[in-house]
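So the chains spell out like this:
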Amino acid sequence: MTNTATLVLASNSPRRRQLLALGNWKFDVIVSDVDETQLTGETPKDYVLRLAQAKALAVAGKANPEAIIIGSDTAVIDGDEIIGKPKDEADAERMLKQLRGKTHQVYTGVAIYRMSDGKTLTELCVTDVPMRPYSDHEMQAYIQTGDPLDKAGAYAIQHPDFQPVESMRGCYASVMGLPMCHVVRTLQKLDVPPLADVPTACQRLLNYECPVSGAILSGASNG
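I will try to describe carefully the structure that is included in this document.

Conventions used here
Residues numbered from 1 in each chain as written. Predicted model: local features only at pLDDT ≥ 70, side-chain atom pairs only at ≥ 80, totals over all residues. Heavy atoms only, no water. Buried < 20%, exposed > 50% of the residue type's maximum accessible area, 1.4 Å probe, protein only. Helix = DSSP H or I, 4+ residues; strand = E, 2+ residues; numbered from the N terminus. Pairing = 2+ DSSP bridges. Right-handed = clockwise from strand over helix to strand, strands pointing away. Contact = heavy atoms within 4.5 Å. Polar contact = N/O pair within 3.5 Å; in protein donor to acceptor, adjacent residues only side chain to side chain. Expected span 1.5 Å × (residues − 1). Phe/Tyr/Trp six-rings, centres within 6.5 Å; stacked < 30°, edge-to-face > 60°. Core = buried A, V, L, I, M, F, W, Y, C linked by side-chain atoms within 4.5 Å. Salt bridge = Lys/Arg side-chain N within 4 Å of Asp/Glu carboxyl O.

The element strand β3 (residues 67-78) is extensively covered by neighbouring structure, given that 12 of its 12 residues are classed as buried. Across the two faces of β3 the burial is the same, with Ala-67, Ile-69, Gly-71, Asp-73, Ala-75 and Ile-77 and Ile-68, Ile-70, Ser-72, Thr-74, Val-76 and Asp-78 all buried. Bridging between strand β1 (residues 6-9) and β3 involves 4 bridges; their strand directions are parallel. The residue bridging Leu-7 from the neighbouring strand is Ile-68, located in β3. With 10 bridges joining them, β3 and strand β5 (residues 103-114) adopt antiparallel strand pairing.

On to the pairing of β1. Sheet faces and side chains relate simply in a regular strand, where the side chains alternate between the two faces. As defined by bridge partners, β1 adjoins strand β2 (residues 27-29) across 3 bridges and the pair is classed as parallel. From the neighbouring strand, Val-8 faces β2, where its bridge partner is Asp-28. Between the parallel elements β1 and β2, the chain passes through helix α1 (residues 14-20) in a crossover that is right-handed.

Topologically, Asp-128 is positioned in strand β6 (residues 119-130). Here the alpha-carbon distance between Asp-128 and His-104, two residues 24 residues apart in the chain, equals 5.9 Å. Residues contacting Asp-128, with those up to four places away along its chain left out, are Thr-103, His-104, Gln-105 and Met-168. For Asp-128, the side chain forms a polar contact with the side chain of Gln-105, separated by 2.9 Å.

Before going further, it helps to examine helix α2 (residues 44-58). Taking 1.5 Å per residue, 15 residues should reach 21 Å; α2 reaches 21 Å between its end C-alpha atoms and fits that length. Among all positions of α2, only Pro-44, Tyr-47, Val-48, Leu-49, Leu-51, Ala-52, Lys-55 and Ala-56 are buried. Residues of α2 that are buried in the fold lie against β3, β4 (81-83), β5 and β6.

The next thing to look at is the packing of aromatic side chains. In total, this model carries 3 aromatic pairs according to the counting rule given. Judged by centre distance (4.9 Å) and plane angle (55°), the rings of Tyr-134 and Phe-162 are tilted. A residue pair is termed long-range when its members are at least 10 positions apart, and Tyr-134 in the loop between β6 and α4 (136-144) and Phe-162 in the loop between α4 and α5 (172-176) qualify at 28 residues. Each member of the pair Tyr-134 and Phe-162 is classed as buried. Here the aromatic cluster, defined as three or more aromatic residues joined through ring pairs, consists of Tyr-134, Tyr-142 and Phe-162.

Let us now look at unusual backbone geometry. Among all residues except glycine, the phi angle is most often negative; among peptide bonds, the trans geometry is most common. Positive phi outside glycine occurs at Asn-24, with the angle close to 65°. If you trace the backbone, Asn-24 turns up in the loop between α1 and β2. Not every positive phi belongs to a glycine, and Gln-163 is a case in point at roughly 45°. Here Gln-163 falls in the partly exposed class, since its relative accessible area comes to 48%.

Next up on the list: the nonpolar core. One finds Ile-70, Leu-96, Tyr-155 and Leu-187 to be the most contacted residues of the largest nonpolar core, which totals 53 residues. It is helix α6 (residues 180-189) that contributes the most residues to this core, 5 residues altogether. The residues contacting Tyr-155, other than those within four sequence positions of it, are Val-76, Leu-96, Leu-99, His-104, Val-106, Val-129, Met-131, Tyr-142, Pro-164 and Val-175.

Once that is clear, we can look at the pattern of salt bridges. Inspection of every chain in the model, using the stated rule, returns 13 salt bridges. The shortest N-O distance in the salt bridge between Glu-93 and Lys-97 comes to 3.0 Å. In this pair, Glu-93 and Lys-97 are both assigned in helix α3 (residues 89-99), 4 residues apart and thus about one turn of the helix distant. Between Asp-136 and Arg-100 there is a salt bridge, and its shortest N-O distance comes to 2.7 Å. Of this pair, Asp-136 sits in helix α4 while Arg-100 sits in the loop between α3 and β5, and the two are 36 residues apart along the sequence. Take Asp-136: its relative accessible area is 42%, and that puts it in the partly exposed class. Overall, Arg-100 belongs to the partly exposed group, its relative accessible area being 26%.

Geometric values such as these leave the question of function open.
So, in structure tokens, the structure goes:
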């Protein structure tokens with residue numbers, strides 16, 4: 001990393017902070033506040049990439065002029081439908097029933113904005129997420145914890161008790177909100193190398209043997 005570069009994460013998500021820390025970079029956190037309403041006719045890909053860029057740009061006025069800002073957005077996609085955060089417990093139940101026992105996709109867009117010259121690079125990670133056929137009782141017990149109410153699709157993949165996902169062969173970190181191999185390969189294009197073995201650290205943190213990290217880092221895969 002150049003001596004004057006400062007990384008900024010445009011998010012207040014503890015999960016994203018934990019993941020970005022795997023690179024051993026020093027970084028600041030500045031909370032972004034953007035309208036997440038989907039535009040008419042907007043595809044899931046365009047939606048997450050637009051919001052990732054909007055979040056990065058939204059904090060630029062508060063960041064160091066030499067900062068490199070990381071914005072990201074994650075959406076749960078069932079067919080062509082973007083499933084956001086539930087409005088209440090009934091909405092969480094509806095979402096979890098809709099996703100139960102079938103495979104949906106999680107799209108995460110990443111935008112990295114270098115303030116010194118306005119250069120912006122974007123990445124898209126798409127992960128298939130097969131949900132297990134959890135029972136109504138398990139679902140209701142999970143909803144009562146309150147955890148689903150601030151989660152897209154009304155679930156957290158890493159929840160230790162509910163564990164909604166049956167198996168997965170894609171980027172686990174992306175489903176948590178920040179696909180770290182995509183972040184690494186994009187920062188390297190801006191001459192900001194990782195200061196740790198990110199794939200190994202990520203797999204250790206998530207207790208997940210990732211089958212796609214090598215392909216992503218080589219540029220051959222989007223997750």
